[in-house]
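# Secondary and tertiary structure notes
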Amino acid sequence: MSHTAAPPALPTIAFIGGGNMASAIIGGLIRQGHPASQIEVVEPYAPTREALLKNFGLTAQPEAGPALQRASIVVWAVKPQTFKDAAAQAKAHTPQALHLSVAAGIRSDSIAQWLGTERIVRTMPNTPALVGKGMSAIYARPAVTPAERQSVEAIMASTGEFLWVESETQLDAVTALSGSGPAYVFYFLEAMTRAGVGMGLTEAQAHQLAVGTFVGASELARRSDESPAVLRERVTSKGGTTYAALQSMEASGVSQAFEAAMRAAEKRANELGNEFGS
C-alpha cells in the first residue's frame, strides 16, 4: 500500500496593520499561492479594512483578539509611534509566533521587551514592493532559527529582492538608502519633468522620458559588472552635453547635498528608535 506525502501545511501569517506595506506583502503572498484563509489582519481604520476586503477578500479585525493565536508568524506593519500600544494589545495572543517588524527605527530590543520573546526579525522594505520590485534588508536576533529565517525570506521574496545584515545598527543606513530612497528618485523625476516642460516638451513627454531613463539606467547598472562611476564616464565626453550638466551639478554641490540628505534620514531613523522605543 503506497502513501503519498501530504503537502507541507502553510503557516498562518498575521499582520498587525493593513496599510500600504502590509498590502504589498499580502498581495505578493497571494500571488505566490498563499491562501487568503491563512492570513489574519488587525486594522483599526475602517476604510483600510474595506480596501483589504475589496482587494484580497480578507476580513480584517478592528483589534487584536484570539484569532491571532493560530498565526505562526506575525508581521508588524504599524507606524513607529503606535507599535508599543499595538504590542500591548496583541502580546497575550502571540506568544507562539515569530515576529517580523517592518516598522522604521524601532529596535528589536524594544520589540522583545514589549512582546516578551526573543524570536524577532526586523526588515526595512520600500514602496516598490507594491509592484513586486521592492528592495529589503533583514536582521534577525540570535534566537531566530535557520528555518525561521527561511520563512522570513519566503515572505520578503514575494515583494522583490532582499539581503541580510549582521548588525542591527546597519538598518538605520538601509532606511536612509533604500527605505527612503524611492522618494529621492521621485524627487529627481519631478525636477527632470519640470525642466523638460521648461525646455518645450509636454508634461506627458517629459515624464515618459524621465521615467524611462531611470528604468533603463537602473537596469544597465544592474546588469553591468562596472561601477556607476565607470558607467557615468562612458556617457560623458569632455566638452559634451553630459559633461556640461555634470559640471553644473558639481559646481552646485549636488553630490555633497545628497549625501547630507541621506545622513539626515539615517539620523532620523535612529531618533525614531529612541523616541518611540522602550
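The shown structure was predicted, so the numbers you read here are calculated from the model rather than taken from an experiment. (Residues numbered from 1 in each chain as written. Predicted model: local features only at pLDDT ≥ 70, side-chain atom pairs only at ≥ 80, totals over all residues. Heavy atoms only, no water.)

## Regarding helix α3 (residues 83-90)
Put simply, the rule reads: A 1.4 Å probe rolled over the protein chains alone gives each residue an accessible area, and that area as a share of the maximum for its type sets the label: buried under 20%, exposed over 50%, partly exposed in between. Strands are runs of DSSP state E lasting at least two residues, helices are runs of H or I lasting at least four, and both sets are numbered from the N terminus onward. When we speak of the arc, we mean the arc of directions from the helix axis to the C-beta atoms. Any pair of residues with heavy atoms lying within 4.5 Å of one another is described as a contacting pair.
Among the residues of α3, F83, A86, A87 and A90 are the ones counted as buried. Taken around the axis of α3, the buried residues stretch over an arc of 100°, which confines them to a single face. Seen from the open side of α3, the exposed residues pointing more than 90 degrees away from its buried face are D85, A88 and Q89. Residues of α3 that are buried in the fold lie against β1 (13-16), β3 (73-76), β4 (98-101) and α4 (108-115).

## Some points on the pairing of strand β5 (residues 120-124)
To keep things clear, this is the line we draw: When DSSP finds at least two bridges between two strands, those strands are taken to pair.
Where burial is concerned, most of β5 is hidden: five out of the five residues are buried. Where burial is concerned, the two faces of β5 agree: the one with I120, R122 and M124 and the one with V121 and T123 are both buried. The pairing of β4 with β5 spans three bridges and is parallel. Paired with S101 across the bridge in β5 is R122. Across four bridges, β5 lies against strand β6 (residues 134-140) in antiparallel orientation.

## Examining the UniProt feature "binding site: NADP(+)" (unreviewed entry) in the protein
Filter applied, for reference: UniProt positions are given in the numbering used here, feature names are shortened, and annotations may be inferred rather than shown by experiment.
Annotation from UniProt places "binding site: NADP(+)" (unreviewed entry) at I16, G17, G18, G19, N20, M21, A77, V78, K79 and P80. As for its placement among the helices and strands, G18 is situated in the loop between β1 and α1 (20-31). Filtering out sequence-adjacent residues up to four positions away, G18 remains in contact with S23, V41, V42, E43, T48 and L52. Of note, M21 is situated in helix α1. Setting aside residues up to four positions removed in sequence, M21 forms contacts with V102, P125, N126, T127 and A129.

## Focus on the nonpolar core
Here is the rule we go by: Take the buried Ala, Val, Leu, Ile, Met, Phe, Trp, Tyr and Cys residues and link them wherever side-chain atoms come within 4.5 Å; each set so joined is a nonpolar core.
In this structure, F15, I26, V41, V75, V121 and I155 are the most contacted members of the largest nonpolar core, which totals 27 residues. Looking at this core, the elements with two or more residues in it are β1, α1, β2 (39-42), β3, β4, β6 and α5 (146-157). With six residues, α1 is the single largest residue contributor to this core. Contacts of V121, omitting those with residues within four sequence positions, involve L98, H99, L100, S101, I138, Y139, A140, V144 and V152. Of all hydrophobic cores here, the second largest spans 21 residues; its members include A14, V42, V74 and A87.

## What to know about the UniProt feature "domain: Pyrroline-5-carboxylate reductase catalytic N-terminal" (unreviewed entry) in the protein
Within the UniProt annotation, "domain: Pyrroline-5-carboxylate reductase catalytic N-terminal" (unreviewed entry) is assigned to residues 12-105. Annotated as 33% helix and 17% strand, the span residues 12-105 places its first and last C-alpha atoms 26 Å apart.

## Digging into the pattern of salt bridges
Applicable threshold: Throughout this description, the term salt bridge denotes a Lys or Arg side-chain nitrogen within 4 Å of a carboxyl oxygen of Asp or Glu.
Tallying each qualifying case throughout the model produces 13 salt bridges. One salt bridge in this structure joins E161 and R222, with 2.5 Å as the shortest N-O distance. Here the residue E161 occupies a position in strand β7 (residues 160-164), and R222 occupies one in helix α8 (residues 203-223), the gap between them amounting to 61 residues. Assessed through its relative accessible area of 38%, E161 is described here as partly exposed. Across the salt bridge formed by R268 and E275, the nearest N and O atoms sit 2.5 Å from each other. Using a relative accessible area of 35% as the deciding quantity, one classes R268 as partly exposed.

## Examining the environment of I73
Within the secondary structure, I73 sits in strand β3. Considered as a pair, I73 and F15 are 58 residues apart in the sequence and their alpha carbons are 8.6 Å apart.

## What to know about the side chain of T12
To be explicit about the condition: We call two N or O atoms a polar contact when they sit within 3.5 Å, provided that within protein one can donate a hydrogen and the other can accept it, with sequence-adjacent residues counted only if both atoms are side-chain atoms.
Along the chain, the position of T12 falls in the segment before β1. Only 3.5 Å separates the side chain of T12 from the side chain of R70, close enough to count as a polar contact. For T12, the contacting residues outside a window of four places in its chain are Q38, E40, R70, A71, S72 and I73.

## Quick word on the packing of helix α6 (residues 170-179) against helix α11 (residues 254-276)
Heads up, the condition is: Inter-axis angles, ranging from 0 to 180 degrees, are taken between N-to-C directions of lines fitted to C-alpha atoms, where helices are fitted over the stretch in contact. Here the word oblique covers every angle except those under 35 degrees (roughly parallel), over 145 (roughly antiparallel) and from 65 to 115 (roughly perpendicular). Each crossing gets its hand from how the near helix is turned against the far one by less than a right angle, where anticlockwise is left-handed and clockwise is right-handed. Think of it as three bins: nonpolar holds Ala, Val, Leu, Ile, Met, Phe, Trp, Tyr, Cys and Pro, charged holds Asp, Glu, Lys and Arg, and polar takes everything else, Gly as well.
At a closest axis distance of 8 Å, the pairing of α6 and α11 adopts a crossing angle of 135°. By the angle between their directions, the pair α6 and α11 is classed as oblique. In the packing of α6 onto α11, the handedness of the crossing is right-handed. Residue-level inspection shows D172, A173, T175, A176 and L177 of α6 in contact with α11, the latter providing M262, A265, E266, A269 and N270. The residue makeup of the contact of α6 with α11, split by class, is six nonpolar, two polar and two charged.

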